[in-house]
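Close look at the chain arrangement
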Amino acid sequence: MQKESQTYKIAPADRLASVSEYYFSKKLKEVAQMNAEGKDVISLGIGSPDMPPSKETIETLCNNAHDPNGHGYQPYVGIPELRKGFANWYQRWYRVELNPNTEIQPLIGSKEGILHVTLAFVNPGEQVLVPNPGYPTYTSLSKILGAEVINYDLKEEDGWMPDFEALEKMDLSRVKLMWTNYPNMPTGANATPEIYERLVDFARRKNIVIVNDNPYSFILNDKPISILSVPGAKDCCIEFNSMSKSHNMPGWRIGMLASNAEFVQWILKVKSNIDSGMFRAMQLAAATALEAEADWYEGNNENYRNRRHLAGEIMKTLGCTYDEKQVGMFLWGKIPASCKDVEELTEKVLHEARVFITPGFIFGSNGARYIRISLCCKDNKLAEALERIKRI
């Protein structure tokens, strides 16, 4: 007779108690279930570009995938062609000079970089400054790794910029990293040379490393800038960039970080113990993508401008207000005073109009009265979402 199976009495690691499943991981399961039931939900949730990379990028990938010698392990530091491609890209568009051999580290997306940088710089029990609102992964990965998260406020009345007076009054003696993200997600606030200069000065005086996450600077933004353009920034700053948003390559998982050679070496020490290099053909294709001319970016942005207009009409229909000066691939809007709770609004829109919109509370308490609409949706679907919402 077969023995009845018994579940082992094994508990998960204690660190799992400090985090929950990623909001979009849970919510997209619900959306998938609704679609399976024939409800045809239009998702305006995640920022996953739906347009393709350049034709030349795809051709480079396909041609090099046929190379019988290109399928082996690749260098942990990335191939020279990709590092040089990133260096040329930074020089051309950001006016930042980087040594491709020592000051650039390709990544499997910047989400991976958050893990590696935290492991390289922060001991358990030390503190990190995280923006509120901000990308949830800054908080969740810090907690998983045993760091203490200290939130600093971003507020609409301050243009979603750090309040330096408040920061100066804080006890920063145990703070190792400060996460910043400009152009900002979720608020769409754009960086300025002045804010980057203040951040670099703050980092130098407080002996803190600024990690600036910069994946949105080519979306609906006329003048991409980098924190590394500030003199001396490389001494105390790390910048992430990503091909997911700027070059329509989210599923490729190709990003990078740049900093001084010593910081990059510390991060490589962690990374080389966790993963290996990316497929060579993908790296060569990414290097091709980085050679795009201004007209390619403008073609991309022409599509986003059309979508932005429709997203604005959705905001107005919902009674939400928003800043016209936002950049990036989302639209961030404040819900009307008559609305008691943001999730009440987004759940009504999901279940009655069958449109998924992100509630701002997932980005922190300062997002509790806001919603975010992704522009990664075809014009006709955005127009349909608008009509559905009008009907409710």
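Remember, it's a predicted structure, so these values are computed and weren't measured experimentally.

1. Some points on the overall build of the protein chain
Looking only at helices and strands, the protein chain has 13 helices and 12 strands in total. Its C-alpha atoms give the protein chain a radius of gyration of 22 Å, within 12% of the compact-globule value 21 Å for 392 residues. Scored against the burial criterion, the 392 residues of the protein chain give a buried share of 53%. Excluding contacts between residues fewer than 6 apart, the proportion of contacts in the protein chain whose partners are at least 24 apart in sequence is 76%. Carbon and sulfur atoms make up 50% of the accessible area of the protein chain, which amounts to about 18,300 Å² in all.

2. Observations regarding the packing of helix H1 (residues 23–36) against helix H12 (residues 342–353)
Look at H1 against H12: their axes get within 12 Å of each other, and the N-to-C directions meet at 20°. Taken together, H1 and H12 sit at an angle that is classed as roughly parallel. Here the hand of the crossing between H1 and H12 comes out right-handed. Every residue of H12 that contacts H1 at Lys27, Glu30, Val31 and Met34 is listed here: Glu347, Leu350 and His351. Considering only residue class, the contact of H1 with H12 consists of 3 nonpolar, 1 polar and 3 charged.

3. Brief notes about the domain arrangement of the protein chain
What the domain assignment reports for the protein chain is domain 1 (14–52 + 295–390) and domain 2 (71–292). In this structure, domain 1 and domain 2 have C-alpha centres spaced 25 Å apart. At the interface, 33 residues of domain 1 touch 35 residues of domain 2. When the two sides are added together, the surface that domain 1 and domain 2 hide from each other amounts to roughly 2,900 Å², 60% of it contributed by carbon and sulfur. Summed over the shared surface of domain 1 and domain 2, the result is 0 salt bridges. Taken together, the links from domain 1 to domain 2 amount to 16 residue pairs in polar contact (both at pLDDT 80 or more).

4. Brief notes about the packing of aromatic side chains
For any pair of aromatic rings, geometry is given as the distance between the ring centres together with the angle between the planes. Counted according to the given criterion, the structure contains 23 aromatic pairs. Aromatic pair Trp89 and Tyr94: ring centres 5.7 Å apart, planes at 80°, arrangement edge-to-face. The burial state of Trp89 is the same as that of Tyr94; both residues are buried. Aromatic side chains Trp160 and Tyr370 sit 5.3 Å apart centroid to centroid with 75° between the ring planes, which places their arrangement in the edge-to-face category. Placement of Trp160 in the loop between strand E4 (148–153) and helix H6 (164–169) and of Tyr370 in strand E12 (residues 370–374) is noted, with a sequence separation of 210 residues between them. Each member of the pair, Trp160 together with Tyr370, is buried.

5. Topic: the pairing of strand E11 (residues 355–359)
Within E11, 5 of the 5 residues are buried, which leaves it mostly tucked inside the rest of the structure. Both strand E1 (residues 42–44) and E11 contribute to a ladder of 3 bridges, which runs parallel. Note that in E11 the partner of Ile42 across the bridge is Val355. Direction of pairing for E11 relative to E12: antiparallel, over a ladder of 2 bridges. Opposite Thr358, over in E12, you have Arg372 as the bridge partner.

Conventions adopted
Residues numbered from 1 in each chain as written. Predicted model: local features only at pLDDT ≥ 70, side-chain atom pairs only at ≥ 80, totals over all residues. Heavy atoms only, no water. Helix = DSSP H or I, 4+ residues; strand = E, 2+ residues; numbered from the N terminus. Rg over C-alpha atoms; globule rule 2.2 N^0.38 Å. Buried < 20%, exposed > 50% of the residue type's maximum accessible area, 1.4 Å probe, protein only. Contact = heavy atoms within 4.5 Å. Areas by Shrake-Rupley, 256 points an atom, 1.4 Å probe, with all protein chains shown as cover. Axes fitted to C-alpha atoms, helices over the stretch in contact; angles between N-to-C directions. Parallel < 35°, antiparallel > 145°, perpendicular 65-115°, else oblique. Left-handed = near helix turned anticlockwise from the far one by under 90°. Nonpolar A, V, L, I, M, F, W, Y, C, P; charged D, E, K, R; others polar. Domains from an automatic or database assignment. Buried area = accessible area lost by both parts, 1.4 Å probe. Salt bridge = Lys/Arg side-chain N within 4 Å of Asp/Glu carboxyl O. Polar contact = N/O pair within 3.5 Å; in protein donor to acceptor, adjacent residues only side chain to side chain. Phe/Tyr/Trp six-rings, centres within 6.5 Å; stacked < 30°, edge-to-face > 60°. Pairing = 2+ DSSP bridges.

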